[in-house]
Protein chains: 2
Amino acid sequence: MIAVDWGSTHLRLYRMDADGTLRERRRSDQGTLASGGRFGAVLAAEMAGWDDAHILLCGMVGARGGWHEMPYLECPAGLPELARHMQRLHPPGFEGRELWFVPGLRDAAEAVPDVMRGEETQLATLLEVLPGGVHQVCLPGTHSKWVTIRDGRVQRIRTAMTGELYALLRKHSILGALMPDDDSRFDAYAFDAGLRRSVDPGGLLHHLFGVRTTGLSGQFEGAALASYLSGLLVGHELHACGLTDDGPRPAQVHLIGSARLLGVYARALTTLDVGVQRHPEDLAARGLHLLWARRMQAAGQRAPAPPA
Amino acid sequence: MIAVDWGSTHLRLYRMDADGTLRERRRSDQGTLASGGRFGAVLAAEMAGWDDAHILLCGMVGARGGWHEMPYLECPAGLPELARHMQRLHPPGFEGRELWFVPGLRDAAEAVPDVMRGEETQLATLLEVLPGGVHQVCLPGTHSKWVTIRDGRVQRIRTAMTGELYALLRKHSILGALMPDDDSRFDAYAFDAGLRRSVDPGGLLHHLFGVRTTGLSGQFEGAALASYLSGLLVGHELHACGLTDDGPRPAQVHLIGSARLLGVYARALTTLDVGVQRHPEDLAARGLHLLWARRMQAAGQRAPAPPA
């Protein structure tokens, strides 16, 4: 089978055996935004030489404006619901093959609903292996997802626009003018100062202006100021999740993402005495395999045996 | 005398009689950022035909990178301190004339200090006329200033980056992509919905993502969605100022700014049962005249009599 994690800015392909063994992987920058609506042609080109019959897709490729809009599944939802609501397509150019799209999830518990597309598949492995009870998962990024899992099902979704706001402020605001373009140097001391500042009164809009006075006063300069801004935003994200309260907090948060981002969030959570368990970004491949195996099983089909 | 309100993006000039009567006014887009360091030449050109000896300047023209960096005056500070710490310059090209620069204010009560440049001059008239006690003033804008006046002196300054963040999100974020470029249509119903949302749990970073789901779900579209975003940001600004708390709140807030912005903030405050008193944006001219008269008086000079 072929697992395809197709987001708005990335395309990751994995060729896997029926038993889940990863055979080959490919990466491309042909995200749904860059592929200009030519989804079939882009996928065929990126999969060149892979002839497996079953192709599973997750991510923004199933959003409005993507290849095939998949309705959201309402929370709480677990592996059985996700597998059951996958949809099969036979688009032209893929004769004799099956394309399976995974639905996104929607949480309507708040006045304004929250959603995810793609992350539900990264979560699938955790849904399978975590014991009963409540677990907190965070997938940091452009739009950080905070997910509550209860007894194997996604119960709550809360998204924070942390990464996008950080990038906007770096590139286009008066704050960015005080920082270097290069974003690679992390200043732990400044990051921690930003974290501490985030719990002060005054709110994020006020704290952001303080980044400017902090820079102008010479307390932090350049790269350190960028780390201070990062600490401030991550701190506000954790604060809104109740992780800085005196009340009950999760003992541990599962983190899914790139090593660099996980390092930043792990530092912040450790500062708050919250344990972390890190998981790699490419959980999506394992999730897609898991959903495929479930669906085949449910359909009364046996997953085809690996080639002799 | 000539009063010059010179900010980073605007230049406003007022020619006034010694008794404060406004004779003539001019506006230009030659803000300090646009004037390319040629401050003297720009000012001479904009003042062409005005030969008054005394020129008073406030705003970013006195910032680092401006014409002449003025040190900040520490809060609490009132009219006497502002007048006393003005500095006189005799730059080339202005022979026989005096240029007076007004200092900015700095509030170091918080872990991160807050500052203003220019707004202190807009406040000068209020410092003169308000009775003793505590008064709350708000100058909404790119960087909204919340100022506490106590017994004729500026006691506290709190800046919120509301306007800049609104513009950034409109122009550069995924939220802006759902809104028209034109920003002129105000949707009161959507604005109020954003205001209400701002007091929900979850924090600003989470509420911002909700603007997207609100747009995608079709609840608000285009211009209405921009008003929703505006209500959300203004709501968070008021919330951080304690105006949405159950505890004691000011009965009235003085608003200084453009008619359009004041309309927006007045609507939000009225919703919260807080009274408003509006003041026009060009209070700076009256403030500069007031500071000039004070300084002349303190120097033992009488303000020169108006020409016969």
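Residues numbered from 1 in each chain as written. Chains lettered and ligands numbered in written order. Predicted model: local features only at pLDDT ≥ 70, side-chain atom pairs only at ≥ 80, totals over all residues. Heavy atoms only, no water.

1. Things to note about the nonpolar core
If you look at the biggest cluster of nonpolar residues, it comprises 50 residues, and the most contacted ones within it are L165, L169 and L208 of chain A together with L165, L169 and L208 of chain B. Going through the elements one at a time, α4 (162–172), α5 (188–197), α6 (203–216) and α7 (222–240) of chain A together with α4 (162–172), α5 (188–197), α6 (203–216) and α7 (222–240) of chain B are the ones with two or more residues in this core. Residues contacting L208 of chain A, with those up to four places away along its chain left out, are L169, L175, L229, L232 and L233 of chain A together with M161 and L165 of chain B. (Core = buried A, V, L, I, M, F, W, Y, C linked by side-chain atoms within 4.5 Å. Buried < 20%, exposed > 50% of the residue type's maximum accessible area, 1.4 Å probe, protein only. Helix = DSSP H or I, 4+ residues; strand = E, 2+ residues; numbered from the N terminus. Contact = heavy atoms within 4.5 Å.)

2. Observations regarding the packing of helix α3 (residues 119–129) of chain A against helix α9 (residues 283–298) of chain A
All names here are of chain A. One can describe the packing of α3 onto α9 by two numbers: an axis separation of 6 Å at closest approach and a directional angle of 65 degrees. Comparing their axes, α9 and α3 come out roughly perpendicular. Pair α3 / α9 crosses with left-handed handedness. Of α9, the residues touching α3 (which contributes T121, Q122, A124, T125 and E128) are L283, A284, R286, G287, L288, L290, L291 and R294. (Axes fitted to C-alpha atoms, helices over the stretch in contact; angles between N-to-C directions. Parallel < 35°, antiparallel > 145°, perpendicular 65-115°, else oblique. Left-handed = near helix turned anticlockwise from the far one by under 90°.)

3. Side note on the sheet that holds strand β9 (residues 105–107) of chain A
Residues and elements named next belong to chain A. Read from one edge to the other, the open sheet built from 3 strands follows the order β5-β9-β10, with strand pairing classed as mixed. The two strands at the open ends of the sheet, each matched to only one other strand, are β5 (73–74) and β10 (114–116). Where β5 lies against β9, 2 bridges are found, and the strand directions are parallel. Along β9, the bridge assignment pairs E74 with R106. (Pairing = 2+ DSSP bridges.)

4. Concerning the relation of the copies chain B and chain A
Overlaying chain B with chain A gives an RMSD of 0.0 Å, the required rotation being 180 degrees about an axis along which the chain moves by 0.0 Å. Such values leave the two copies arranged in the relation of a two-fold axis. Comparing interface residues between copies, 100% of those in chain B also lie at the interface in chain A; the contact surface is shared. (Least-squares fit on C-alpha atoms with pLDDT ≥ 70 in both.)

5. Section: the layout of surface pockets
Rolling a probe over the atoms, with the probe sized like a water molecule, indicates the empty space that remains. Volume-wise, the second largest pocket comes out at about 1,600 Å³. Lining the second largest pocket are 46 residues, and of these S8, M60, R117, E119 and H143 of chain A sit closest to its centre. When contributions to the lining of the second largest pocket are tallied by element, the ones reaching two or more residues are β10, α3 and β14 (252–257) of chain A together with α6 of chain B. When residues in the lining of the second largest pocket are grouped by element, the largest group, 4 residues, is from α6 of chain B. Looking at the lining of the second largest pocket residue by residue, the classes come out as 17 nonpolar, 17 polar and 12 charged. (1 Å grid on protein atoms, 1.4 Å probe; cavity = no way out; pocket = protein on both sides within 12 Å on 5 of 7 lines; lining within 4 Å. Points joined across faces, edges and corners; volume = space filled by probe spheres on them. Nonpolar A, V, L, I, M, F, W, Y, C, P; charged D, E, K, R; others polar.)

6. Points about the side chain of K145 of chain A
Along the chain, K145 of chain A falls in strand β12 (residues 144–150). Buried and unpaired, K145 of chain A has no salt bridge, with D114 of chain A as the nearest side chain of opposite charge at 4.4 Å. If we ignore the near neighbours within four places in the chain, the residues touching K145 of chain A are D114, V115, M116, E119, V137, C138, L139, I157, R158 and T159 of chain A together with F209 of chain B. (Lys, Arg positive; Asp, Glu negative; His and termini not counted. Salt bridge = Lys/Arg side-chain N within 4 Å of Asp/Glu carboxyl O.)

7. Overview of the packing of α5 of chain B against α7 of chain B
All names here are of chain B. The interhelical angle for the contact between α5 and α7, taken along N-to-C directions, is 35 degrees, at an axis separation of 6 Å. Relative to α7, the crossing made by α5 is right-handed. Residue-level contacts link A190, F191, A193, G194, L195 and R197 of α5 to A224, S227, Y228, S230, G231, L232, V234 and G235 of α7. Class assignment of the residues belonging to the contact of α5 with α7 gives a composition of 8 nonpolar, 5 polar and 1 charged.

8. What about the side chain of D107 of chain B?
Residues and elements named next belong to chain B. Looking at where D107 falls in the secondary structure, it is placed in strand β9 (residues 105–107). Look at D107 and you get buried, because its relative accessible area is 3%. At a separation of 2.9 Å, a polar atom in the side chain of D107 contacts the main-chain amide nitrogen of A109. Discounting chain neighbours no more than four positions away, the residues touching D107 are C75, P113, D114, Q155, R156 and I157. (Polar contact = N/O pair within 3.5 Å; in protein donor to acceptor, adjacent residues only side chain to side chain.)

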